[in-house]
Amino acid sequence: MIGSTLSRRSLLLGAAPAMGLVTLPAQARGPSLDFVVIGDWGRDGQSRQREVAQRMGGSAAAIGSRFVISVGDNFYEDGVGSVADPQWQSSFERIYTDPALMTPWHVILGNHDYQGDVAAQIAYSTTSQRWSLPAPYYTRTETLADGTSVAFFFLDTSRYILEYLRRPKVRVRGQDKQAQIDWLERALATSTAAWKIVVGHHQLYTVTGQEHDYPEMIGPFKPLLDRYGVHAYINGHEHNLEHIAVDGVHYITCGAGSATSPVVAPPPGQFASDHHGFMTMRLEAEGLGFSFIDDAGVTLYQAAIPRRA
Ligand SMILES: [Fe+2]
């Protein structure tokens, strides 16, 4: 690990906007697409999951959230066993109860979900009013009131992580890696959306670097993110809230929906926090803004990303 582990309190010193990014004005400006993001959460309400959920509900109401994105590891430790698994109630339905969270939940799978029945997570989409996981990887396009289009590319990343080849409990052996990469390249190449956002459970880059970056994710995916003008890659897996930019692509870690892990001191121009929390995101025609908010309702960090030419 690089640097030293910091306490929760001292990390707030690193919470200033960075990278030449501007702090968002407090007021909403014009038509926008607002939503919330959470990752790594299902623990029967434990490890601050319930408190994060309550704050997320309040924020979702305040911003007029249109949907939720879950970046995976939806149920610990071993996913769900079926569509009737009690965890659907104890970790999802009875936790995220705010009316503002009764919107579509666009979900992806994490490695812990692959320790259970991922087909059940897909099947739950047909019985739930809000859970939406139509396939292991898929795209969605949203349109702002002014016609600006936003494309989301939802990935299934566990199959790329080499350590799972030695951990058969994560049931990804034999999955086709190249097919998804080819699919993503075609989808990015043919997209005419003004905004392109890729969502995957596993990170490419972290503030911690080295030990926590995944070369096996960087290898296949970074060239596509760079080549096709992706604005942001949003991931979980790291149980933190982080922001780092590499070659113009913004890598945002939002994996603090319940248990969290220590983080290293963020270098200048980067942000990291080990607070429990979630993210709100706002998309407008010319700018993308996001905020990390913790389980006490404190806004830890805000940043804005301009639209790429
Ligand atoms: Fe994970």
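Residues numbered from 1 in each chain as written. Predicted model: local features only at pLDDT ≥ 70, side-chain atom pairs only at ≥ 80, totals over all residues. Heavy atoms only, no water.

Caption draft 1: Representation of the overall build of the protein chain in the model. Helix and strand counts for the protein chain come out as 6 helices and 14 strands. Classification of the 309 residues of the protein chain by burial places 60% in the buried group. Considering only intrachain contacts with a sequence separation of at least 6, the fraction spanning at least 24 residues in the protein chain is 72%. (Helix = DSSP H or I, 4+ residues; strand = E, 2+ residues; numbered from the N terminus. Buried < 20%, exposed > 50% of the residue type's maximum accessible area, 1.4 Å probe, protein only. Contact = heavy atoms within 4.5 Å.)

Caption draft 2: The pattern of salt bridges, seen in detail. Summed over the entire model, instances satisfying the criterion amount to 13 salt bridges. Of the charged contacts, one joins Arg167 and Glu163 as a salt bridge, the two residues approaching to 2.8 Å between their closest N and O atoms. Between Arg227 and Glu185 there is a salt bridge, with its nearest N and O atoms 2.9 Å apart. Residue Arg227 is located in helix H6 (residues 215–227), and its partner Glu185 is located in helix H5 (residues 177–190); the two are separated by 42 residues in the primary sequence. Judged by relative accessible area, Arg227 falls into the exposed class, the value being 51%. (Salt bridge = Lys/Arg side-chain N within 4 Å of Asp/Glu carboxyl O.)

Caption draft 3: View of the packing of aromatic side chains. If you walk through the whole model with that rule in mind, you get 28 aromatic pairs. Between the aromatic rings of Trp88 and Tyr124, the centroid separation amounts to 3.5 Å while the plane-to-plane angle is 10 degrees, which identifies the pairing as stacked. Here Trp88, found in helix H3 (residues 87–93), pairs with Tyr124, found in the loop between helix H4 (118–123) and strand E4 (131–132); they are 36 residues apart in sequence, far enough to count as distant. Summarising the burial analysis for this pair, Trp88 and Tyr124 share the class buried. Here the guanidinium or amino end of Arg43 rests over the ring plane of Tyr76, the centre of that ring lying 3.7 Å away. (Phe/Tyr/Trp six-rings, centres within 6.5 Å; stacked < 30°, edge-to-face > 60°. Lys NZ or Arg CZ within 6 Å of the ring centre and 35° of its normal.)

Caption draft 4: Main features of the coordination of the iron ion. Within the first shell, the iron ion binds the protein through Asp73 (OD), Asn111 (OD1), His201 (NE2) and His237 (ND1), at distances of 2.1 to 2.2 Å. Relative to the metal, the 4 donor atoms surrounding the iron ion lie at angles of 90 to 159 degrees, and the coordination shape comes out irregular. Written as a sequence motif, the donor arrangement for the iron ion is D-x37-N-x89-H-x35-H. Here Asn111, found in the loop between strand E3 (105–107) and H4, pairs with His201, found in the loop between strand E7 (195–199) and H6; they are 90 residues apart in sequence, far enough to count as distant. The two residues Asn111 and His201 agree in class, both being buried. (Donors = N, O, S within 2.8 Å, 3.2 Å for Na, K, Ca; no water. Tetrahedral: all angles 85-135°; square planar, octahedral: opposite > 155°, others 65-115°.)

Caption draft 5: Just the confidence of the model for the protein chain, in detail. Put simply, the protein chain has an average pLDDT of 90, and 90% of its residues get 70 or more. The model gives residues 1–29 a pLDDT under 50, and that stretch makes 62 contacts with residues more than four places away or in other chains. (pLDDT = per-residue confidence, 0-100.)

Caption draft 6: Spatial organisation of the sheet that holds strand E12 (residues 277–283). Pairing within the open sheet is mixed, and its 7 strands lie in the order E4-E3-E2-E1-E12-E13-E14. Only two strands of the sheet have a single partner each, and these edge strands are E4 and strand E14 (299–306). Sheet topology places strand E2 (residues 68–70) next to E3; 3 bridges connect them, and they run parallel. Opposite Ser70, over in E3, you have Val107 as the bridge partner. (Pairing = 2+ DSSP bridges.)

Caption draft 7: Broad picture of the environment of Asp117. Relative to the elements of secondary structure, Asp117 occurs in the loop between E3 and H4. Between the C-alpha atoms of Asp117 and Val83, which are 34 residues apart in sequence, the distance is 9.1 Å. A distance of 3.0 Å separates the side chain of Asp117 from the backbone nitrogen of Ala119, its partner in a polar contact. (Polar contact = N/O pair within 3.5 Å; in protein donor to acceptor, adjacent residues only side chain to side chain.)

Caption draft 8: Main features of H6. The end-to-end C-alpha separation of H6 is 18 Å, in line with the 18 Å expected for 13 residues at 1.5 Å each. Of all the bends in H6, the largest measures some 45 degrees and sits at Phe221, one to four residues before the proline Pro223. Where H6 is buried, its residues meet H5, E7, strand E8 (232–235), strand E9 (241–246) and strand E10 (249–254). A positive backbone phi angle near 65 degrees is found at Gly229, which sits one or two residues after H6. (Expected span 1.5 Å × (residues − 1). Bend = angle between axes of the 7 residues up to and from the residue.)

Caption draft 9: Representation of the nonpolar core. Counting 90 residues, the largest nonpolar core has Tyr96, Trp105, Phe152 and Phe290 as the members making the most contacts within it. Filtering out sequence-adjacent residues up to four positions away, Trp105 remains in contact with Ile38, Trp41, Met56, Val68, Ser70, Phe92, Tyr96, Arg130, Trp131 and Ser132. (Core = buried A, V, L, I, M, F, W, Y, C linked by side-chain atoms within 4.5 Å.)

Caption draft 10: Seen up close, the sheet that holds E8. With mixed pairing, the 7 strands of this open sheet are ordered in space as E5-E6-E7-E8-E10-E9-E11. With one partner strand each, in any of the chains shown, strand E5 (138–143) and strand E11 (271–273) form the two edges of the open sheet. Looking at each pair of strands side by side, their axes are set apart by 20 degrees on average, direction ignored. Two elements, E5 and strand E6 (residues 149–154), share 6 bridges in a ladder whose sense is antiparallel. (Axes fitted to C-alpha atoms, helices over the stretch in contact; angles between N-to-C directions.)

Caption draft 11: Geometry of the side chain of Asn235. By the secondary structure assignment, Asn235 is in strand E8. The exposure class of Asn235 is buried, given its relative accessible area of 0%. Side-chain polar atoms of Asn235 contact the side chain of Thr253, separated by 3.1 Å. Excluding its chain neighbours within four sequence positions, the residues that come into contact with Asn235 are Val71, Gly200, His201, His202, Gln203, Ile252, Thr253, Cys254 and Gly255.

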